[in-house]
Amino acid sequence: DPMGDNWYLYVLECVDNTLYTGITTDVHRRLHEHNNTSRGAKYTRSRRPSRVVFCHPFDSRSSAAKAEYRFRKLSKNKKQKIIQGIDDINILFKL
């Protein structure tokens, strides 16, 4: 694995300015899949190109999935604050 053993929560901004959130062990591969292959999520396929606007490492798939679940439930405004670095992603674990 080129990025090590970490799992990553990643956020894509699609061409229509919507956000897509996922987890992976390789963000570069995943972005390529979203933009260039049928392996990308159906949501992003009609909203290409997407770009990575946020990425955060976790030490297990479980903790990345938990963060993804909580991140997806936030308002877009709250998500933007985490993306911009105004709020720390660790607030997700203090909910």
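Everything here concerns the structure above.
Residues numbered from 1 in each chain as written. Predicted model: local features only at pLDDT ≥ 70, side-chain atom pairs only at ≥ 80, totals over all residues. Heavy atoms only, no water.

**Thoughts on the pattern of salt bridges**
No. 1: According to the stated counting rule, one finds 7 salt bridges in the structure shown.
No. 2: When the shortest N-O distance is used, the salt bridge between Arg-39 and Glu-33 registers 3.6 Å.
No. 3: For Glu-33, a relative accessible area of 7% gives the class buried.
No. 4: One network of salt bridges, with partners in common, ties together Arg-29, Arg-30, Glu-33 and Arg-39. (Salt bridge = Lys/Arg side-chain N within 4 Å of Asp/Glu carboxyl O. Buried < 20%, exposed > 50% of the residue type's maximum accessible area, 1.4 Å probe, protein only.)

**Some details on the pairing of strand E2 (residues 19-24)**
No. 1: Counting buried positions along E2 gives 6 out of 6 residues, so the element sits mostly inside the fold.
No. 2: The two faces of E2 match: Leu-19, Thr-21 and Ile-23 on one face and Tyr-20, Gly-22 and Thr-24 on the other face are all buried.
No. 3: Strand direction decides the pairing type here: strand E1 (residues 7-13) and E2, joined by 6 bridges, are antiparallel. By the bridge assignment, Glu-13 is partnered in E2 with Leu-19.
No. 4: Adjacent in sequence and paired antiparallel, E1 and E2 are bridged by 5 residues, among which Asn-17 carries a positive phi angle near 70 degrees. (Helix = DSSP H or I, 4+ residues; strand = E, 2+ residues; numbered from the N terminus. Pairing = 2+ DSSP bridges.)

**Side note on the nonpolar core**
No. 1: One finds Leu-9, Phe-54, Phe-71, Ile-82, Ile-89 and Leu-92 to be the most contacted residues of the largest nonpolar core, which totals 14 residues.
No. 2: Examining the composition of this core, we find that 3 residues originate from one element, helix H3 (residues 61-72), more than from any other.
No. 3: When near neighbours in sequence (up to four residues on either side) are disregarded, Ile-82 contacts Phe-54, Phe-71, Leu-74, Asp-87, Asp-88, Ile-89, Ile-91 and Leu-92.
No. 4: Within the second largest apolar cluster, 7 residues are counted, among which are Tyr-10, Leu-12, Val-27 and Ala-41. (Core = buried A, V, L, I, M, F, W, Y, C linked by side-chain atoms within 4.5 Å. Contact = heavy atoms within 4.5 Å.)

**Quick look at the packing of aromatic side chains**
No. 1: Inspection of the entire model under this criterion finds 2 aromatic pairs.
No. 2: Consider the rings of Tyr-10 and Tyr-20, whose centres lie 6.5 Å apart with planes at 45 degrees: the pair is tilted. Of this pair, Tyr-10 sits in strand E1 while Tyr-20 sits in strand E2; the two residues are 10 residues apart in sequence, bridging distant segments of the chain.
No. 3: Owing to a relative accessible area of 2%, Tyr-10 belongs among the buried residues under this scheme.
No. 4: Relative to Tyr-43, the ring of Tyr-20 has its centre 6.3 Å away and its plane inclined at 20 degrees; by these criteria the two rings are stacked. Here Tyr-20 is found in strand E2, whereas its partner Tyr-43 is found in helix H2 (residues 42-45), with 23 residues between them in sequence.
No. 5: Through a chain of ring-to-ring contacts, the aromatic side chains of Tyr-10, Tyr-20 and Tyr-43 assemble into a single cluster.
No. 6: The aromatic ring of Tyr-43 is capped on one face by Arg-47, whose charged end is 3.7 Å from the ring centroid.
No. 7: Above the face of the Tyr-20 ring, Arg-72 is positioned so that its terminal group lies 5.9 Å from the ring centre. (Phe/Tyr/Trp six-rings, centres within 6.5 Å; stacked < 30°, edge-to-face > 60°. Lys NZ or Arg CZ within 6 Å of the ring centre and 35° of its normal.)

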